[in-house]
Amino acid sequence: MVLALLVGGVVVALVVVGLFVFGLRRRLIQRSGGTFDCSLRWDPPASESETSGKGWVYGVARYNGDRVEWFRVFSYAPRPRRVLERASIEVLERRTPKGEEELALLSDAVVLACRHDGTRLELAMSEDALTGFLAWLEAAPPGQRVNVA
């Protein structure tokens, strides 16, 4: 009986510590400012008829100079999972979520199809975050190419 209570207490303590570390990590990412909620789908299906919600990963993106650093929300990694260089991003289209995507993404999400160094990707973010992202893309220093559709 005592052993079961001890094991249960340890499990509860580990869960609480794990949740605390998730929250602390997010606060540290957001500390420098310029962050927004952003789901990412790397190398999505090319077929326009493919509307499944597969491949979407919820994350937080942070502006860092001429880069956007993307972090998975459900991860303990201190480093970004993906880094997108401003000069390498080409916006292909903007659309609303279709089919099962509506269930996989946040309710107010807008999907932005892009190409980064030859790889297709899709970013899903709120309308406000999208406005800021497109403004950031267009605010490239003189002489850099910007491809915004």
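Residues numbered from 1 in each chain as written. Predicted model: local features only at pLDDT ≥ 70, side-chain atom pairs only at ≥ 80, totals over all residues. Heavy atoms only, no water.

Looking at an unreviewed UniProt entry, the protein carries the name DUF2550 domain-containing protein, with the source organism given as Streptomyces mordarskii.

*Asks:* How should I be thinking about the sheet that holds strand 5 (residues 82-85) in this particular structure?
*Replies:* In a beta sheet, neighbouring strands pair by backbone hydrogen bonds and run either parallel or antiparallel. Taken in spatial order, the 4 strands line up as 1-3-4-5 in an open sheet, and their pairing is antiparallel. This sheet does not close on itself; its edge strands, each paired only once, are strand 1 (35-37) and strand 5. Mean inter-strand twist for the sheet, computed between neighbouring axes without regard to direction, equals 25°. Relative to strand 3 (residues 59-64), strand 1 runs antiparallel, the two sharing 3 bridges. Looking at the pairing, Phe-36 lines up with Ala-61 of strand 3. Packing of helix 1 (residues 2-30) onto the sheet brings it into contact with strand 1, strand 3 and strand 4 (67-72), and relative to strand 3 it is tilted by some 25°. Helix 3 (residues 127-138) rests against strand 1, strand 3, strand 4 and strand 5 of the sheet, and its axis sits at about 35° to strand 3. (Pairing = 2+ DSSP bridges. Helix = DSSP H or I, 4+ residues; strand = E, 2+ residues; numbered from the N terminus. Axes fitted to C-alpha atoms, helices over the stretch in contact; angles between N-to-C directions. Contact = heavy atoms within 4.5 Å.)

*Asks:* Before we go on, may I ask you to explain the sheet that holds strand 6 (residues 89-95) in this structure?
*Replies:* What the 4 strands build is an open sheet, ordered 2-8-7-6; its pairing is antiparallel. The sheet is open, and its two borders are formed by strand 2 (39-42) and strand 6, each paired with just one other strand. With strand direction ignored, the average angle separating the axes of adjacent strands in the sheet is 25°. Where strand 6 lies against strand 7 (residues 110-116), 6 bridges are found, and the strand directions are antiparallel. Each bridged residue has a counterpart across the sheet, and for Glu-90 the counterpart in strand 7 is Arg-115.

*Asks:* Before we go on, may I ask you to explain the environment of Val-110 in this structure?
*Replies:* As for its position among the elements, Val-110 is in strand 7. Along the sequence, Val-110 and Leu-130 sit 20 residues apart, while their C-alpha atoms lie 7.5 Å from each other. Those residues in contact with Val-110 that sit more than four places away from it in its chain are Arg-94, Arg-95, Leu-123, Ala-124, Met-125, Glu-127 and Leu-130.

*Asks:* What should I look at first to understand the UniProt feature "transmembrane region" (unreviewed entry) in the protein in this one?
*Replies:* UniProt tags residues 6-24 as "transmembrane region" (unreviewed entry). In residues 6-24, the share of helix is 100% and the share of strand is 0%. The end C-alpha atoms are 27 Å apart. (UniProt positions renumbered as here; feature names shortened; annotations may be inferred.)

*Asks:* Can you help me understand the nonpolar core in this one?
*Replies:* The tendency in soluble globular proteins is for nonpolar side chains to be buried side by side. The biggest cluster of nonpolar side chains holds 21 residues, and the ones touching the most others in it are Leu-123, Met-125 and Phe-133. Broken down by secondary-structure element, the contributors of at least two residues to this core are strand 4, strand 6, strand 7, strand 8 (119-125) and helix 3. The element best represented in this core is helix 3, accounting for 6 residues. With 5 residues, the next largest nonpolar core counts Trp-56, Ala-109, Val-111 and Ala-124 among its residues. (Core = buried A, V, L, I, M, F, W, Y, C linked by side-chain atoms within 4.5 Å. Buried < 20%, exposed > 50% of the residue type's maximum accessible area, 1.4 Å probe, protein only.)

*Asks:* Which parts of the structure should I look at to understand the packing of aromatic side chains?
*Replies:* How two aromatic rings sit relative to each other is set out by the distance from centre to centre and by the angle between their planes. Counted under the stated rule, the structure contains 3 aromatic pairs. Here Phe-36 and Tyr-63 contribute two aromatic rings whose centre-to-centre distance is 5.2 Å and whose plane-to-plane angle is 40°, an arrangement assigned as tilted. With Phe-36 in strand 1 and Tyr-63 in strand 3, this residue pair connects regions lying 27 residues apart in the sequence. Judged by its relative accessible area of 10%, Phe-36 is buried. When the centroid spacing of 5.4 Å and the interplanar angle of 45° are considered together, the rings of Tyr-63 and Trp-136 count as tilted. (Phe/Tyr/Trp six-rings, centres within 6.5 Å; stacked < 30°, edge-to-face > 60°.)

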